[in-house]
Amino acid sequence: MTFPMKRLEGKVAIVTGAGAGIGYGIGKRFAEEGAHVVIAEINPETADQAAQDYSKIGPEALAYHIDIGDPERTKQMAADVVAHFGRIDILVNNAGISDKMTLMEMTPKDWDEMHYVNTRGLLFTTQAVARQMIARVPEEVKQAGYSELSYGKIVNIASIAGRRGRSDAIHYSTSKAAVITITQATAMELAPYHINVNAICPAAIWTALYKHLDDRMAQKLNLAPGEFYQQRIRRIPLHRGGTIEEIGSMAAFLCSDEADYITAQSYNVDGGSEMN
Ligand SMILES: NC(=O)c1ccc[n+]([C@@H]2O[C@H](COP(=O)([O-])OP(=O)(O)OC[C@H]3O[C@@H](n4cnc5c(N)ncnc54)[C@H](O)[C@@H]3O)[C@@H](O)[C@H]2O)c1
């Protein structure tokens, strides 16, 4: 597929966890739409590979090796990206982890590890990048609190697991519910600067993260590899899992000028699984 509209031409986008899975799909689509993409990724090999792949498609792509749970590093990253490209237009908070365990199995360490990446990491990455976005907003816009232009787009990857509590994943489910409310609260705080903040809630997409969940449940329930995932997607009204391209497509729309009047919203891209 080609994207002649190039809705993100010349934009500078940071995508966390873009070395693999959904983040890779988002970064690739952004490159196809003309954006410079910074791959903020904990795995240096996949980060470098993604940067090579994107550079063949679009403008400059940069691999940035980082643990997004470390606020000092995310602050440094935001400053480095501005020093290199001059600004940051887009942030996609995609990096996340997941696991399956019951309430009785869960330890404080399991809880902390989940929230370290999925909520704490996401929040302080947003803080570091939003600070740089706000610095670019002209004084007269800050005074007036009004502008026809958007001064930044932030998209958080939540999950339909955040729409209602899920058994065997209380720590994940609560982390994604938090991402939905962080999206709303951040959107309200950044609205005076005309920075849009929205979220995407995917359902089931076959990535390394989902394979990990499938392995866990296969062991627990004595299932064949892939069977847990197949059972899961049979319950989706459209009877299939999503694709990384479909999430990339929604993210590209939300980060384009076409979505300037959309903020504080969370969109299910889930084959009809949820309706709220
Ligand atoms: N796959 C699904 O079915 C599904 C469904 C709903 C929501 N999600 C959400 O989508 C996002 C991406 O999931 P995925 O399925 O692509 O997972 P994935 O495991 O395939 O990819 C996640 C990427 O993030 C990176 N990462 C993890 N921790 C990091 C950290 N601390 N700092 C920097 N990078 C880090 C990983 O190295 C990896 O490249 C997650 O937030 C996940 O919760 C996934």
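Given the structure is predicted, the values throughout are model-derived calculations rather than measurements. (Residues numbered from 1 in each chain as written. Predicted model: local features only at pLDDT ≥ 70, side-chain atom pairs only at ≥ 80, totals over all residues.)

1. Some words on the overall build of the protein chain
Looking only at helices and strands, the protein chain features 9 helices and 7 strands. Relative to a compact globule of 276 residues, whose C-alpha radius of gyration would be 19 Å, the protein chain shows 18 Å and is just as compact. With the C-alpha coordinates aligned to their principal axes, the bounding extent of the protein chain is approximately 60 × 35 × 35 Å. For the protein chain, with 276 residues in total, the buried portion stands at 45%. Residue pairs in contact within the protein chain that sit at least 24 positions apart in sequence constitute 72% of those at least 6 positions apart. (Helix = DSSP H or I, 4+ residues; strand = E, 2+ residues; numbered from the N terminus. Rg over C-alpha atoms; globule rule 2.2 N^0.38 Å. Buried ≥ 20, exposed ≤ 12 C-beta atoms within 10 Å, placed from the backbone. Contact = placed C-beta atoms within 7 Å.)

2. Brief notes about the sheet that holds strand S5 (residues 152–157)
One open sheet accounts for 7 strands, arranged S3-S2-S1-S4-S5-S6-S7; its pairing is parallel. The open sheet has two edge strands with one neighbour each: strand S3 (61–65) and strand S7 (266–269). Taken over all neighbouring pairs, the strand axes of this sheet differ in orientation by 20 degrees on average, direction set aside. Relative to strand S6 (residues 195–202), S5 is paired through 6 bridges, and the arrangement is parallel. (Pairing = 2+ DSSP bridges. Axes fitted to C-alpha atoms, helices over the stretch in contact; angles between N-to-C directions.)

3. Some details on unusual backbone geometry
With a phi close to 65 degrees, Asp-168 is a non-glycine residue in the positive phi region. Take Asp-168: it is sitting in the loop between S5 and helix H6 (170–190). A positive phi angle is found at Asn-222, which is not glycine, with a value near 60 degrees. Owing to 8 C-beta atoms within 10 Å, Asn-222 belongs among the exposed residues under this scheme.

4. Topic: the environment of Asp-270
Looking at the element boundaries, Asp-270 is found in the segment after S7. Other than its neighbours up to four places away in sequence, Asp-270 contacts Ile-160, Cys-201, Pro-202, Ala-203 and Gly-242.

5. A short note on the site of the ligand
If you check the shell around the ligand, you find 31 residues, and the closest are Gly-17, Gly-21, Gly-96, Thr-207 and Leu-209. Mapped by element, the contributors of at least two residues to the shell around the ligand are helix H1 (21–32), helix H4 (108–135) and helix H7 (208–221). Here the shell around the ligand is built from residues that sort into 15 nonpolar, 14 polar and 2 charged. Both domain 1 (12–203 + 243–269) and domain 2 (205–241) contribute no fewer than three residues apiece to the shell around the ligand. (Near = placed C-beta within 6 Å. Nonpolar A, V, L, I, M, F, W, Y, C, P; charged D, E, K, R; others polar. Domains from an automatic or database assignment.)

6. Some words on the environment of Ala-20
Position of Ala-20 among the secondary structure elements: in the loop between strand S1 (12–16) and H1. If we skip the residues at most four places from it in the chain, Ala-20 touches Thr-46, Thr-207 and Ala-208.

7. Digging into the domain arrangement of the protein chain
If you check the domain split of the protein chain, you get domain 1 (12–203 + 243–269) and domain 2 (205–241). Averaged C-alpha coordinates put domain 1 and domain 2 at centres separated by 25 Å. A class-by-class count of the residues in the side of domain 1 that touches domain 2 yields 5 nonpolar, 3 polar and 2 charged.

8. Remarks on the nonpolar core
Formed by 69 residues in total, the largest nonpolar core has its most connected members in Ala-13, Val-15, Val-37, Ile-39, Ala-40 and Ala-251. Counting residues per element, this core draws most heavily on H4, which supplies 7 residues. Split by domain, the residues of this core number at least three in each of domain 1 (12–203 + 243–269) and domain 2 (205–241). Excluding its chain neighbours within four sequence positions, the residues that come into contact with Ile-39 are Val-15, Ala-18, Gly-19, Gly-27, Ala-47, Ala-50, Ala-51, Ala-61, Leu-62, Ala-63 and Tyr-64. (Core = buried A, V, L, I, M, F, W, Y, C linked by C-beta atoms within 7 Å.)

9. Here we look at the pairing of S1
The element S1 is largely enclosed, with a buried count of 5 among its 5 residues. In terms of strand pairing, S1 meets strand S2 (residues 36–41) through 5 bridges, oriented parallel. Bridge pairing in S2 links Val-12 to His-36. Crossover connection from S1 via H1 to parallel S2: handedness right-handed. Sheet topology places S1 next to strand S4 (residues 90–93); 3 bridges connect them, and they run parallel. The partner of Ala-13 across the bridge, within S4, is Ile-90. (Right-handed = clockwise from strand over helix to strand, strands pointing away.)

10. Focus on helix H3 (residues 71–85)
For H3, with 15 residues, the first-to-last C-alpha span of 21 Å sits near the 21 Å given by 1.5 Å per residue. Thr-74, Met-77, Ala-78 and Val-81 are the residues of H3 that are buried. Considered in projection along H3, the buried side chains sweep an arc of 95 degrees and stay on one side of the axis. Among the exposed residues of H3, those pointing more than 90 degrees away from its buried face are Glu-72 and Ala-83. The secondary structure elements touched by the buried residues of H3 are S1, S2, S3 and H4. (Expected span 1.5 Å × (residues − 1). Arc of directions from axis to C-beta.)

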